[in-house]
Amino acid sequence: MKTIRILGIDPGTAIMGFGLIEKRGERFKVLDYGCWRTSTELSTADRLVAHYNTLCAFLDTHRPEHVAVETLFFNRNTKTALTVGQARGVVLLAGAQKNAYIAEYTPLQVKQAVVGYGKAEKKQVQFMVKAILGLPSVPQPDDAADALAIAVCHAHSVRG
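Residues numbered from 1 in each chain as written. Predicted model: local features only at pLDDT ≥ 70, side-chain atom pairs only at ≥ 80, totals over all residues. Heavy atoms only, no water.

### Re helix α4 (residues 122-133)
Working step 1: Its twelve residues give α4 an end-to-end C-alpha distance of 17 Å, which sits within 8% of 16 Å, the value for a rise of 1.5 Å per residue.
Working step 2: Along α4, the residues that are buried comprise Val125, Gln126, Val129 and Leu133. Buried positions in α4, seen along its axis, are confined to an arc of 100° and lie on one side of it.
Working step 3: Against the buried residues of α4 lie β2 (15-24), β3 (27-37), α3 (107-115) and α5 (142-157).
Working step 4: Phi for Gly134, located one or two positions after α4, is positive at around 65°. (Helix = DSSP H or I, 4+ residues; strand = E, 2+ residues; numbered from the N terminus. Expected span 1.5 Å × (residues − 1). Buried < 20%, exposed > 50% of the residue type's maximum accessible area, 1.4 Å probe, protein only. Arc of directions from axis to C-beta. Contact = heavy atoms within 4.5 Å.)

Below, the structure written as structure tokens:
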């Protein structure tokens, strides 16, 4: 059985959630998770550079073969959608430069893969991430739990 290392990313400019797991057969192991934050005093461009540099260093250190990221969906706040789109671009660029396989999933696909129901509530997704990954508690903050959910979603769709 091959082991596959998957990095899930919940993109954002202020906070970027990450979750690194390994998949071996049907078993998952959490390697690392958390959030990268940028200062509100930085310009958007400087925030993106900071995330890019942090992400590249993380990719160099942990060498995931796959990077999974949530697709952009437009909500009522267009400004938020645009900045999340910019952060997604940083993730896609960094992952591609490091020769990782890039996968993108809609929020509905993530919920379906983790909970089995595409309209699941956030608390349900977090509970299932905890259960699937055998964690003692729900990962905090929410951005880290979301990133782990994205990694689990991808793990369900890849052979290993």
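Read on, since the account is not over.
### Description of the sheet that holds β2
Working step 1: With respect to topology, five strands assemble into an open sheet ordered β3-β2-β1-β4-β5, the strand pairing being mixed. A strand with exactly one partner marks an edge of an open sheet, and here the two such strands are β3 and β5 (101-105). Strand-to-strand twist in this sheet, taken as the mean axis angle between neighbours without regard to direction, amounts to 20°.
Working step 2: As defined by bridge partners, strand β4 (residues 66-70) adjoins β5 across five bridges and the pair is classed as parallel. Residue pairing for β5: His66 is matched across the bridge by Tyr101.
Working step 3: Its contacts with the sheet place α3 against β4 and β5, and it is angled at close to 95° to β5.
Working step 4: In the packing of α5 onto the sheet, contacts are made with β1 (3-10), β2, β3, β4 and β5, and the angle to β2 comes to roughly 35°. (Pairing = 2+ DSSP bridges. Axes fitted to C-alpha atoms, helices over the stretch in contact; angles between N-to-C directions.)

Geometry only, nothing functional implied.
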